[in-house]
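# Chains, contacts and geometry: an overview
In case you want the letters, here they are:
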Amino acid sequence: SQQGEEDPQALSIQEGENATMNCSYKTSINNLQWYRQNSGRGLVHLILIRSNEREKHSGRLRVTLDTSKKSSSLLITASRAADTASYFCAEGRMKTSYDKVIFGPGTSLSVIP
Amino acid sequence: GAGVSQSPRYKVAKRGQDVALRCDPISGHVSLFWYQQALGQGPEFLTYFQNEAQLDKSGLPSDRFFAERPEGSVSTLKIQRTQQEDSAVYLCASSLASDQPQHFGDGTRLSIL
């Protein structure tokens, strides 16, 4: 498979705690994206971080990118029950004519009220 | 606001039947992607359109799968002579450009009996 890896596969935390999800990838990238998916729904874009960026914030979300280690992490601070979902990292790889996006297997997050 | 719309939401077909899945992207979005998602997995790339041009169909599993976007807006994914292994959720996503965040529909859940 060309997919990278995400860990953990599943994460269960108490409301108010922080959640950290990690993503490793295999090839050079243009950008790294994080998406969220609630059960039975489509994916929702969270953050896009470009290969020349190291950190990005959006509300309670913080994404880091280490291109030397080919890894990224998503931190959700002060988690809420509504954050329960699957989270996917996606590599944006430059092809000849377009950017192809390859999704990882995802992390299933459960936030317990 | 108008997001990406997919129809039908659920499709049940007998093995050997042909099916057609529709995607209405966000107006003005140049890029359109189709993905296949198995239960508990990340989306797997099927094909990519830039306007009406199909630039990449390398992810289509077999020649039974065919996709088109004749006028650069609505797209249809057709599966001929369906097999049980075709059972999955089929997701469509559109974006302003291929290196921009993707907007997903809620998918079509296809079950082959």
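The preceding data block contains the structure.
Attention in this report is confined to the structure presented alongside it.

About the cut-offs
- Residues numbered from 1 in each chain as written.
- Chains lettered and ligands numbered in written order.
- Predicted model: local features only at pLDDT ≥ 70, side-chain atom pairs only at ≥ 80, totals over all residues.
- Heavy atoms only, no water.
- Contact = heavy atoms within 4.5 Å.
- Buried area = accessible area lost by both parts, 1.4 Å probe.
- Salt bridge = Lys/Arg side-chain N within 4 Å of Asp/Glu carboxyl O.
- Polar contact = N/O pair within 3.5 Å; in protein donor to acceptor, adjacent residues only side chain to side chain.
- Pairing = 2+ DSSP bridges.
- Helix = DSSP H or I, 4+ residues; strand = E, 2+ residues; numbered from the N terminus.
- Core = buried A, V, L, I, M, F, W, Y, C linked by side-chain atoms within 4.5 Å.
- Buried < 20%, exposed > 50% of the residue type's maximum accessible area, 1.4 Å probe, protein only.

## Description of the interface of chain B and chain A
- Listed by partner, the interface residues are 24 residues for chain B and 21 residues for chain A.
- A combined buried area of about 1,800 Å² lies between chain B and chain A, and 49% of that area is made up of carbon and sulfur atoms.
- Ranking the residues of chain B by area buried against chain A places Asp-99, Phe-104 and Asp-106 of chain B at the top, with a combined share of 24%.
- Where chain B meets chain A, there are two salt bridges.
- Between Asp-56 of chain B and Lys-100 of chain A there is a salt bridge; the shortest N-O distance is 3.6 Å.
- Counting across the chain B and chain A interface gives eight residue pairs in polar contact (both at pLDDT 80 or more).

## A look at the pairing of strand E6 (residues 53-56) of chain B
- Where strand E5 (residues 44-50) of chain B and E6 of chain B come together, three bridges link them in antiparallel fashion. Within E6 of chain B, the residue paired with Tyr-48 of chain B across the bridge is Asp-56 of chain B.

## Side note on the nonpolar core
- In this structure, Met-21, Leu-32, Trp-34, Leu-74, Ile-76, Tyr-87 and Leu-109 of chain A are the most contacted members of the largest nonpolar core, which totals 21 residues.
- In this structure, Leu-74 of chain A is in contact with Ala-19, Thr-20, Met-21, Trp-34, Leu-46, Leu-61, Arg-62, Val-63 and Tyr-87 of chain A, ignoring residues within four places of it in sequence.
- Formed by 20 residues, the second largest nonpolar core is a distinct cluster that contains Ile-26, Phe-49, Ala-88 and Cys-92 of chain B.

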